[in-house]
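Topology and contacts: notes
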Amino acid sequence: MRRLVGETTLRPRQLILPMFVGEGLDAPRPISSMPGVVQHTRDTLRKAAVDAVNAGVGGLMLFGIPATRDAEGSGAVDENGILNVALRDLRQELGDATVLMADTCLDEFTDHGHCGVLDADGAVDNDATLRIYAQMAIAQVEAGAHVLGPSGMMDGQIGVIRRALDEVGHKDAAILAYSAKYASAFYGPFREAVDSQLKGDRKTYQQDPGNGREALREIELDLAEGADMIMVKPALSYLDVIKAAADISPVPVAAYNISGEYAMVEAAAANGWLDRERTVLEVLTSIRRAGADLILTYWAAEAAGWLD
Ligand code: PBG
């Protein structure tokens, strides 16, 4: 009877697995605050991606960790930069068997750890950053990404990327806009995952956790600029924002079940304080119930296996 009348579905195809690839690694590097998640080598990335696709996940979101960084994040636009090289590997391995997505942001590549380049006063320079995002987006599509994920919260980033792609003929490349991205403490473990160099915070470009209405304004701007999908991030502390986004969005809504949300459950489960599988499925189901069509989650491949 519960199965017959259940309101919310959770299917493998709705899950997207974020993956990390490190430049120059000869073995996968564990991320201590995210037990079970690693920085992959190029080789182990291919294998883990194939496994995730075989488990039924709907997509992969790739992050690259370069061996060296500079002020402009030049490794992000370089066709031989780790993220672009790994995208080429995965596209070659997987073809169109899954939706291959790339993080279109500079924070992994800059030596100061910000999502954009800095001006003479050390503040993030929005418009100079947009010019680099346009180059980065083209490089990622040419390396094999089907979908770009601009996560830097620069004003105008969706429109600039869309125009840049169209101008060089990449009309079919889609944009998953990180529209409502909050300046969250829950990103803590991710900063370890990408060896983040950030000293300060991202409050000049990410949203105040107290603001709900502002999220809708950000979403409307991204839709007007050409977003094909939008995202709310983090997920669990922002279920109301997901709901509000789902109520107004004409395009699919994604939610990112982020590193800190993963770490909390893993830590409690490791202590025997929570039933891991039940908790994970309850978390993912609640994000779907709130209105997310798609969920980025580090449990994607494992949960897909449980759902079969
Ligand atoms: C920025 C980016 C971040 C995450 C995804 N893309 C970190 C940040 O904004 O500081 C966080 C993901 C997570 O915590 O799981 N490129």
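Residues numbered from 1 in each chain as written. Predicted model: local features only at pLDDT ≥ 70, side-chain atom pairs only at ≥ 80, totals over all residues. Heavy atoms only, no water.

**A few points about the environment of G226**
Mapped onto the elements, G226 comes out in the loop between helix 7 (213-225) and strand 8 (229-233). For the pair formed by G226 and V160, sequence separation is 66 residues and the distance between their alpha carbons is 9.7 Å. (Helix = DSSP H or I, 4+ residues; strand = E, 2+ residues; numbered from the N terminus.)

**Observations concerning the environment of L221**
With respect to the element layout, L221 can be found in helix 7. The sequence separation of L221 and G159 amounts to 62 residues, and the corresponding C-alpha distance is 9.3 Å.

**Focus on the nonpolar core**
Counting residues in hydrophobic clusters, the biggest one holds 104 residues, and the most contacted among them are F20, L60 and L62. Per-element tally for this core: the top contributor is helix 4 (residues 126-143), with ten residues. Look past the residues within four positions of L62 in its chain and what remains in contact with it is M19, V21, L45, L83, A86, L87, L90, M101, A102 and D103. (Core = buried A, V, L, I, M, F, W, Y, C linked by side-chain atoms within 4.5 Å. Buried < 20%, exposed > 50% of the residue type's maximum accessible area, 1.4 Å probe, protein only. Contact = heavy atoms within 4.5 Å.)

**Here's the deal with unusual backbone geometry**
Residue P234 is reached from K233 by a cis peptide bond, and omega for that bond is -10 degrees. Checked against the element boundaries, P234 lands in the loop between strand 8 and helix 8 (239-248). Within the chain, M153 stands out as a residue other than glycine whose phi angle is a positive 55 degrees. Of the residues examined, M153 reaches a relative accessible area of 7% and is grouped as buried. With phi around 50 degrees, D195 is a residue other than glycine that occupies positive phi space. Position of D195 among the secondary structure elements: in the loop between helix 6 (188-193) and helix 7.

**Observations regarding the site of the ligand**
Neighbouring residues of the ligand: 17 residues in total, closest D107, R191, K233, S259 and Y298. Within the side chain of S151, an N or O atom sits 3.1 Å from a nitrogen atom of the ligand. Cavity membership is defined here by more than half of the atoms lying within 2 Å of grid points; on that basis the ligand lies in the largest cavity. Its residues placed into classes, the shell around the ligand shows seven nonpolar, three polar and seven charged. (Near = heavy atom within 4 Å. Polar contact = N/O pair within 3.5 Å; in protein donor to acceptor, adjacent residues only side chain to side chain. 1 Å grid on protein atoms, 1.4 Å probe; cavity = no way out; pocket = protein on both sides within 12 Å on 5 of 7 lines; lining within 4 Å. Sits in = over half its atoms within 2 Å of the grid points. Nonpolar A, V, L, I, M, F, W, Y, C, P; charged D, E, K, R; others polar.)

**Looking at helix 7**
Here helix 7 spans 19 Å end to end across 13 residues, near enough to the 18 Å set by a 1.5 Å rise per residue. Elements that come into contact with the buried residues of helix 7 comprise helix 5 (157-167), strand 7 (174-181), strand 8 and helix 8. Residue G226 follows helix 7 closely and has a positive phi angle near 115 degrees. (Expected span 1.5 Å × (residues − 1).)

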